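A structural walkthrough
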Amino acid sequence: MLLRVEDLHKRYGKDEVLKGVSFSLEKGETKVIIGPSGTGKSTLLRCINRLTEPDRGKIWLEDVEITSPRVNIHRIRAQIGFVFQDFNLFTHLTALDNVRLGLMRVKGLSKQEATARAMQELARVGLADKAKAYPAELSGGQQQRVSIARALAMDPKLILFDEPTSALDPELIGEVLAVMEDLAKSGMTMLVVTHEMGFARTVADEIIFMEKGVIVEQGPPEQLFRNPKHPRTAEFLRRITDLYGGER
Amino acid sequence: MNLAFSWDWLPRLSQGLLLTLELTAISMALGAVFGVLLAVLRVYGRGPLYPLYLLASAYVHFFRGTPLLVQVMAIYYGLPTLGIRFTPFISGLLALTLNTAAYQAEYFRGAIQSVRAGQMQAALALGLTRLQAIRYVILPQALRLVIPPWSNELIYMVKGSAVVYLIGVLELMGQAKNIAARTFRHFEVYVVVAMFYLALILVFTLILRWVEKRTRIPGLGVPGRA
């Protein structure tokens, strides 16, 4: 098992965002988390690399308990890629330098090694020709692909995607989803929060439906889309399909 | 009244100008280093660093809340009673540095806080430590944002450095005072000195404008802001 989350709780003031979430992820698996906004999906992802500290519960990455206070969280985060909704590329650095920063400062690669590795990842997301461009000179879709390259370059065991296409213009969503689909096929382990039902249906090994801080239902896409066990799942899927369309 | 400028003043005024330049440049540079440190502590000083946050905050409030002139006098006339004695130049430089550090700290704090929160998040998510994130991600952006307010502080300090003539430092104002006292040509002397200050500030303004242009991030209207 690559990732195991057990009974995760998180509260902001009076608002209990996560009310005991448990699930696991096998190596090479892609799981998609869906659910209404404000149900703790993003908080869950942020707890997994401890950008947000959970109040209670345990998380293991392989056999390391990363919620333990003794763990070196920086070393753990370097093994978990994170792709943000609004990209968060470093605005003062070129695409190449965005990808190189972690390689040089976290992994300790020489500039030459880091450059070679970064160019390889930029090529993988189809942006080798944009290496010298600054984020503000790139489209949203290009920025998100660079941010995926930045995560990939670190050789992560797992990549977390937090609504990676929600901030994009509709015509730019496809290029990002295509990169993600390739990644899933190449055997990368991925946990994706998204409203893209087409992607969820075709790429996910399993779908997790979350609502109000708990996992309501999880299972393979066919089962969830065809025979949801829980009425809330059916209701949500119907509404989201109306809104975003079922297939892409 | 004879409004002629006397070329005899030039060597002394040049010496004064040089000293003003030294006082300003050194205090601004040291104040920037100290100011960045204070600002970082004021923004990120939580948890075990909380005592340092309090110390930095107290420092900033104290030096912004008391007159520069009082600080100059306290250091030059006050410290010797504690057995600490500096030359007028060092006393003046110290007071200017401590003072501008407090002001610069506030400019740096504002700039750091206007770097978007996601930048720190992304840096941490890569595995950088907080200190590395500040060093490689936050400060490079904040330093670009700080240029306009910082140039105000520089202009203020060029002029503000004149107070140290009161403890006998013969910078531009001190030299002018001496020449005026000897020649009784107050008007001409001070007009000339005003021109010297103006020229100095013009040069600094042009340099900073160039720096701002050079460090502008391609594709962004306002440097550092998406």
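Only a predicted model underlies this, so the values are computations on that prediction, with no experimental measurement involved.

Structural notes on the pairing of strand β10 (residues 214–219) of chain A
Residues and elements named next belong to chain A. Of the strand pairs in this sheet, strand β9 (residues 206–211) and β10 are connected by 5 bridges, and their pairing is antiparallel. Across the sheet, Ile-208 pairs through a bridge with Gln-218, a residue of β10. Taken together, β9 and the strand that follows it, β10, pair antiparallel across an intervening segment of 2 residues, in which Lys-212 is found at a positive phi of about 50°.

Looking at helix α4 (residues 111–124) of chain A
Residue and element names in this part refer to chain A. Along its 14 residues, α4 runs 20 Å from first to last C-alpha, staying within 8% of the 20 Å computed at 1.5 Å per residue. Those residues of α4 that fall on the buried side of the exposure criterion are Ala-114, Arg-117, Ala-118, Glu-121 and Leu-122. Along the long axis of α4, the arc covered by the buried residues comes to 140°, so they all point the same way. On its buried side, α4 packs onto α3 (95–105) and α5 (140–153). Gly-126 sits one or two positions beyond α4 and adopts a positive phi of about 75°.

Regarding helix α7 (residues 147–160) of chain B
For an α-helix, the turn length of 3.6 residues means that residues three or four places apart are oriented alike. All names here are of chain B. In this model, α7 (14 residues) spans 19 Å end to end at C-alpha, consistent with the 20 Å of a helix rising 1.5 Å per residue. Among the residues making up α7, those that are buried are Ile-147, Trp-150, Ser-151, Glu-153, Leu-154, Met-157, Val-158 and Gly-160. Each element contacted by the buried residues of α7 is listed here: α1 (10–44), α3 (68–78), α4 (88–113), α6 (130–145) and α9 (186–214).

Section: the packing of aromatic side chains
Summed over all chains, the structure comprises 7 aromatic pairs over all chains. On the basis of an interplanar angle of 35° and a centroid distance of 4.5 Å, the ring pair of B:Tyr59 and B:Phe63 is categorised as tilted. Placement of both B:Tyr59 and B:Phe63 in helix α2 (residues 50–65) is noted, with a separation of 4 residues, approximately one turn of the helix. In this structure, B:Tyr59 and B:Phe63 share a single accessibility class: buried. Feature note: the residues B:Phe34, B:Tyr59, B:Phe62 and B:Phe63 constitute an aromatic cluster, connected by ring pairs. We note A:Arg4 situated over the ring of A:Trp60; from NZ or CZ to the ring centre the distance is 4.1 Å. One residue, A:Arg150, lies across the ring of A:Phe90, its end atom 4.6 Å from the ring centre.

Here we look at the confidence of the model for chain B
As a note on interpretation, predicted positions should not be read in detail where pLDDT is low. Taken residue by residue, chain B gives an average pLDDT of 93. The fraction at 70 or more is 95%. The ipTM for the predicted assembly is 0.94, set against a pTM of 0.90.

Here we look at the pairing of strand β7 (residues 158–162) of chain A
All names here are of chain A. Counting buried positions along β7 yields 5 of 5 residues, so the element is predominantly enclosed. Residues Leu-158, Leu-160 and Asp-162 point to one face of β7 and Ile-159 and Phe-161 to the other, with burial holding for every one of them. In this structure, strand β6 (residues 80–83) lies alongside β7, joined through 4 bridges in parallel fashion. What sits directly across from Gly-81, in β7, is Ile-159. As judged from the 4 bridges shared by β7 and strand β8 (residues 190–193), these two strands associate in the parallel manner.

Considering the packing of α1(B) against α4(B)
All names here are of chain B. In contact at an axis separation of 5 Å, α1 and α4 are set at 45° when each is read in the N-to-C sense. Here α1 is positioned oblique relative to α4, judged by the angle of their axes. The element α1 and its partner α4 pack so that their crossing is right-handed. Each residue belonging to the contact of α1 with α4 can be placed in one class, and the counts come to 21 nonpolar, 7 polar and 4 charged.

Examining the interface of chain B and chain A
Each side of the interface is counted separately: chain B has 24 residues, and chain A has 23 residues. Interface of chain B and chain A: buried area, both sides summed, is about 2,100 Å²; carbon and sulfur atoms make up 65% of it. If you sort the residues of chain B by the area they bury against chain A, B:Ala125, B:Leu126 and B:Tyr136 come out on top, with a joint share of 28%. The interface formed by chain B and chain A holds 0 salt bridges in total. Taken together, chain B and chain A are joined by 10 residue pairs in polar contact (both at pLDDT 80 or more). A per-class count over the side of chain B that touches chain A returns 13 nonpolar, 9 polar and 2 charged.

Things to note about unusual backbone geometry
Although it is not a glycine, A:Asp155 adopts a positive phi angle of roughly 55°. Position of A:Asp155 relative to the elements: it lies in the loop between α5 and β7. The backbone phi angle of B:Phe184 is positive, close to 60°, even though this residue is not glycine. With respect to the helices and strands, B:Phe184 occurs in the loop between α8 (172–183) and α9. Given the relative accessible area of 66%, B:Phe184 is considered exposed.

Re a nonpolar patch on the surface
On the surface, B:Leu82, B:Ile84, B:Phe86 and B:Ile90 cluster together to form a nonpolar patch covering roughly 360 Å² of accessible area. With respect to the element layout, B:Ile90 can be found in helix α4.

What counts and what doesn't
Residues numbered from 1 in each chain as written. Chains lettered and ligands numbered in written order. Predicted model: local features only at pLDDT ≥ 70, side-chain atom pairs only at ≥ 80, totals over all residues. Heavy atoms only, no water. Pairing = 2+ DSSP bridges. Helix = DSSP H or I, 4+ residues; strand = E, 2+ residues; numbered from the N terminus. Expected span 1.5 Å × (residues − 1). Buried < 20%, exposed > 50% of the residue type's maximum accessible area, 1.4 Å probe, protein only. Arc of directions from axis to C-beta. Contact = heavy atoms within 4.5 Å. Phe/Tyr/Trp six-rings, centres within 6.5 Å; stacked < 30°, edge-to-face > 60°. Lys NZ or Arg CZ within 6 Å of the ring centre and 35° of its normal. pLDDT = per-residue confidence, 0-100. Axes fitted to C-alpha atoms, helices over the stretch in contact; angles between N-to-C directions. Parallel < 35°, antiparallel > 145°, perpendicular 65-115°, else oblique. Left-handed = near helix turned anticlockwise from the far one by under 90°. Nonpolar A, V, L, I, M, F, W, Y, C, P; charged D, E, K, R; others polar. Buried area = accessible area lost by both parts, 1.4 Å probe. Salt bridge = Lys/Arg side-chain N within 4 Å of Asp/Glu carboxyl O. Polar contact = N/O pair within 3.5 Å; in protein donor to acceptor, adjacent residues only side chain to side chain. Patch = residues over 30% accessible without salt bridge, like charges linked within 9 Å, V, L, I, M, F, W, Y side chains within 5 Å. Areas by Shrake-Rupley, 256 points an atom, 1.4 Å probe, with all protein chains shown as cover.

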